[in-house]
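# Summary of the model geometry
Listed below are the residues making up each chain.
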Amino acid sequence: MQTNRWSFDLSRCGRFGCASALLSVCLILGAGMAKAQQAGTQKASSPKTPDPCTSGHEFAATDCSLTWHGITVYGAYDIGLGWVSHGLPVNGYNYEGESLVNRNGYQHRFLVAPNNLQQTGFGIRGKVEFHPDWYVVFNASSGINPNSGLLANASKTDIVNNGLPRASYSMAIDGARAGQVFNDEYYGGISSTIFGTVTFGRQRSLGTDVMLVTDPAGGGYAFSYIGYNGTMSGGGDTEDSRWDDAMKYRLVYGPVHLAAMYKFADGNGGCFSASATWTAANCTPETAHNNAYGGDLGGVFGKFLADAVYQHYNQAISVLNPLLGPQSLAAPYQSTTNSINTNPITGANLIPTSDTVYGIVTDNNAIMGAGKYNGEIFKFYAGFEYIWQNNPHNPLGVGASDQGGYIMSGVEDNNLDTEKILRVWWTGVKYAYDDKTDITFAWYEQLQNNFRTPQTCSVEAGFRASCAGALNEGSLYMDHHFTKRFDGFAGLAYSFVYGGMAIAIPHGPGVPYLHNSNFAPTIGGRFTF
């Protein structure tokens, strides 16, 4: 199949969430073969998309698309059964399952596992020609929890646990989906066969685009750390794997492709003061400075694909835990804090904690290199990212905007003693047992430096979240395609954490994970259209 290799035009290849790589990989494999046969200076040709469905039988037996006049409806449903050695009661807003080690996981349990290989959801995309070789393109897509039917909402998983004792938590996560109607992507733009594609709106970051292609597990939540946790794809924080109010440009020229992305500042900066005695009534309103930018350069050369990505994000937000409250055993001040001396904020205009989140704010930079070898029987994957984070140049204050319309009743602008450095690497192999069955092995590791002052970190001295540490995950699974649309899978993941990364609540002397490992076998099925 001759296909335009890759402009990361997700209006052509959209699936859902961080697990959409299976379709993206198919696009790239066909594209790499086509590009290898073309002259290096030949302009990219228009892609060939699946033929529209003409009958119910064809829909069931082939991969035809639900397309009418260039507008396509698409979606996926992915669900399974799993067991975790250290998990939590399920949360209807959680869309990622419980395969990864969790700071609050405490008991082994069987569960219905959502979105294992791919995010369940739906979308509509279009590519309509309005002039020879010029097209209007758009995409609107959203993800849900297939167990509950609720929109994917990481922020709400924390909010429903606000003020509860730790032993009463249900599963709480951080992520880029916060209950928006279109919590994956929502953009429109113009595409040219020669000049590339420009789109504006809510879009996946460049790191997410590359992750979905170079991750051996395709970003599947059940088997991929970098899919489950978007630290890598977001360039430092998982909420930034999607950028709102962002412009993206993509171009393919011969075997080379490039992309650039810019996010405009949005929302409000809350209220902040450098005084140690400030209150919610006497602080100064802040302006949001949460703009971001990035670039990607890569190419397909024969069976090899490689990409280099740089991303910068100002005022990046990380939500680590539900807000503590009267029932919490430690640090009740965390409910509403001024981030300077961790004293409670009092006075008029106090932000309530009932429907808010607590955020740590940093300015992030990230450089990533990733690649893939596309053999007919074996496919090899590898990547590395270097991330450096600092306290924000422009602080956020209480009442500042977070994603999805939520606001922060607690803000930390000085969480880092010194510069924090993260290193993330991954590798893996996919083996084609036959034309319908793949077996995939993947390994991931994230390491952080010791950014504590003083740098004393030991069992005797006590570990804090600022001490050096690491998180590792390995996975092995088999995926069998019964039809073009339906496949079944079975596999397992094992993850463990130690050092500073095994601290659950970052304020000294540090509250550790309840258990620092998790074993998670899963079996299930997926239907796509």
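This text goes with the structure placed above it.
Reference entry: report on the structure contained in this document. Residue positions are counted from 1 within each chain, in the order its sequence is given. Local features in this predicted model are restricted to residues whose pLDDT is 70 or higher, and side-chain atom pairs enter the listing and the counts only when it is 80 or higher, whereas totals over whole chains, interfaces and linings include all residues. As a rule here, side-chain values come from all non-hydrogen atoms in the structure, and water together with hydrogens is ignored.

## Section: the overall build of the protein
A run of DSSP states H or I qualifies as a helix once it reaches four residues; a run of E qualifies as a strand once it reaches two. Both are numbered from the N-terminal end. Counting secondary structure elements, the protein contains 6 helices and 23 strands. Residue burial is assigned from relative accessible area. The probe radius is 1.4 Å, only protein chains are included, and a residue is buried under 20% of its type maximum, exposed over 50%, and partly exposed in between. Residues classed as buried in the protein amount to 58% of the 529 residues present. Long-range contacts, defined here as pairs at least 24 residues apart, represent 72% of the contacts in the protein between residues at least 6 apart. Only the protein chains shown count as cover for residues, and all accessible areas are computed by the Shrake-Rupley method using a 1.4 Å probe. With the model as given, the accessible surface of the protein reaches about 20,100 Å², and the carbon-plus-sulfur share is 64%. Working rule for contacts: check all heavy atoms of both residues, and any pair within 4.5 Å makes them a contact.

## As for the state of the cysteines
For this text, the term disulfide refers to a pair of cysteine sulfurs within 2.5 Å. Applying the stated criterion to the full structure yields 2 disulfides. What pairs with cysteine 53 in a disulfide is cysteine 64, and their sulfur atoms sit 2.0 Å apart. With the S-S dihedral at roughly 100 degrees, the linkage between cysteine 53 and cysteine 64 falls on the right-handed side. Here cysteine 53 is found in the loop between helix H2 (21-36) and helix H3 (56-61), whereas its partner cysteine 64 is found in the loop between H3 and strand E1 (66-68), with 11 residues between them in sequence.

## As for the nonpolar core
The nonpolar side chains of a soluble globular protein tend to be buried, and buried together. Note on terminology: a nonpolar core comprises buried Ala, Val, Leu, Ile, Met, Phe, Trp, Tyr and Cys residues joined through side-chain atoms within 4.5 Å. In this structure, Phe223, Ile226, Met232, Trp426, Tyr444, Leu471 and Val497 are the most contacted members of the largest nonpolar core, which totals 48 residues. In terms of residue count, the dominant contributor to this core is helix H5 (residues 206-214) (4 residues). Core analysis: the second largest hydrophobic core is formed by 11 residues, Val319, Ala400, Tyr406 and Val411 among them.

## A few points about the pattern of salt bridges
Salt bridge criterion: a side-chain nitrogen from Lys or Arg within 4 Å of a carboxyl oxygen from Asp or Glu. Applying the stated criterion across every chain, the model contains 10 salt bridges. Its salt-bridge partner being arginine 526, residue aspartate 487 comes within 2.7 Å of it at the nearest N-O pair. In this pair, aspartate 487 sits in strand E20 (residues 486-499) while arginine 526 sits in strand E23 (residues 517-528), placing the two residues 39 residues apart along the sequence. Both residues of the pair, aspartate 487 and arginine 526, count as buried. One salt-bridge network, in which partners are shared between bridges, spans Arg177, Asp184, Glu185, Arg204 and Arg242.

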